[in-house]
Amino acid sequence: ENKAFQRIMADFASSSHNRDWIFTDEELRKIRSDIYQQTVTKYSQINAEYILTDDEQLMLINSWQSQIRKICDHLNFENKVHLTAMTLFKRFYLYHSLCDFKPEVFICTAVCLAYKIEEVNLDFSIFAQIANKLCKASEVTKAELPFISGIKFHLTVFHPYRSLIALMSHLRQNRDRLSNQSLSVTEIEKTAMGTIFKSMASDAHFKYPPAMITLAAVHHALSLHGEKLETLFKDIMETSTEEIEEYNAIFSDIEQKSRPNPEKEKNLKKKFKKFTQKLEAKNTKKEA
């Protein structure tokens, strides 16, 4: 019997991730609203119409996850590095405003910390060549400590990748249970991974344990091929009708909240650029 999945769930239960980074919808709204109000107060010399609202900041944070993936793809990082970087980035900007910390720098810093956390053997100079398209390597080095402090020094990241690998390993060992023996486990894994990446553009990782997101993604992938989660994994979990409904609800939540809106994102980036220009003008005036 494959114990890896249960071990991942047990480890998560006692982690700082579970203790400090899982919230209700109401808690998330309050945190973001407080950050917005603090930002408006801090930059009272700039018209509030140029400051991103909490919902607008959230939309940009989620859209910038694609920048993280581009850097990781350039460096041929495994999916676990992508997801660690994306999780760190979301954690930091949950408690901080884009107005205070340049996103280009903190995108790169999130990737830099992620490949160190995941113990990737990469010379920093190689990373710096890729990151240089967004910011200077010296800015990343300088930002590391504020970033780590900004996420409460919590560098342990549980994300759905590890539980997905455990489930797919179990499925490969028991593929005789598949009603369609020509179905590729790799194809199921690929479909589920697509949902997991999509979930990073939603609040799923702040609301559900990573293993639950994995189960929702795998359940959806299996359903597309006429297979049943409860049949394939019956010896490593008990799956009730209520739990299947919960996986469906999680998948629905991810689908609804992760839909991109390119036109709105473009306008918000323009709005944020206007803010930075006005702030720079104010600072220049002060120094003159």
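Coordinates for the structure precede this section.
A brief structural summary. (Residues numbered from 1 in each chain as written. Predicted model: local features only at pLDDT ≥ 70, side-chain atom pairs only at ≥ 80, totals over all residues. Heavy atoms only, no water.)

Side note on the overall build of the protein
Right, so step 1: Along the protein, the regular secondary structure elements total 16 helices and zero strands.
Right, so step 2: Over its C-alpha atoms the protein spans a radius of gyration of 21 Å, differing by no more than 12% from the 19 Å that the globule rule assigns to 288 residues.
Right, so step 3: When the backbone C-alpha atoms are referred to their principal axes, the protein occupies close to 75 × 40 × 35 Å.
Right, so step 4: Among the 288 residues that make up the protein, the fraction classed as buried is 49%.
Right, so step 5: A fraction of 78% describes how many contacts in the protein between residues 6 or more apart in sequence connect residues 24 or more apart.
Right, so step 6: Accessible surface computed for the protein: about 14500 Å², of which carbon and sulfur atoms make up 50%.
Right, so step 7: When the 40 basic and 38 acidic side-chain charges of the protein are each reduced to a single mean position, those positions are 7 Å apart. (Helix = DSSP H or I, 4+ residues; strand = E, 2+ residues; numbered from the N terminus. Rg over C-alpha atoms; globule rule 2.2 N^0.38 Å. Buried < 20%, exposed > 50% of the residue type's maximum accessible area, 1.4 Å probe, protein only. Contact = heavy atoms within 4.5 Å. Areas by Shrake-Rupley, 256 points an atom, 1.4 Å probe, with all protein chains shown as cover. Lys, Arg positive; Asp, Glu negative; His and termini not counted. Charge placed at Lys NZ, Arg CZ, Asp CG, Glu CD.)

Remarks on the nonpolar core
Right, so step 1: Residues Phe-89, Phe-127, Met-168, Val-218 and Phe-233 are the most contacted members of the largest nonpolar core, which totals 90 residues.
Right, so step 2: Top element by residues in this core is helix α7 (residues 103-117). It accounts for ten residues.
Right, so step 3: Here Val-218 is in contact with Leu-164, Leu-167, Met-168, Ala-192, Leu-229 and Phe-233, once residues within four sequence places are set aside. (Core = buried A, V, L, I, M, F, W, Y, C linked by side-chain atoms within 4.5 Å.)

Remarks on helix α5 (residues 65-74)
Right, so step 1: Every buried residue of α5 is accounted for by Gln-65, Ile-68, Ile-71 and Cys-72. An end-on view of α5 places all buried positions within 120° of arc, on one side of the element.
Right, so step 2: Against α4 (54-63), α6 (79-94), α7 and α8 (124-131) lie the buried residues of α5. (Arc of directions from axis to C-beta.)

With respect to the side chain of Ser-15
Right, so step 1: Here Ser-15 shows up in the loop between α1 (4-13) and α2 (16-20).
Right, so step 2: At 2.7 Å, the side chain of Ser-15 and the backbone oxygen of Phe-12 are in polar contact. (Polar contact = N/O pair within 3.5 Å; in protein donor to acceptor, adjacent residues only side chain to side chain.)

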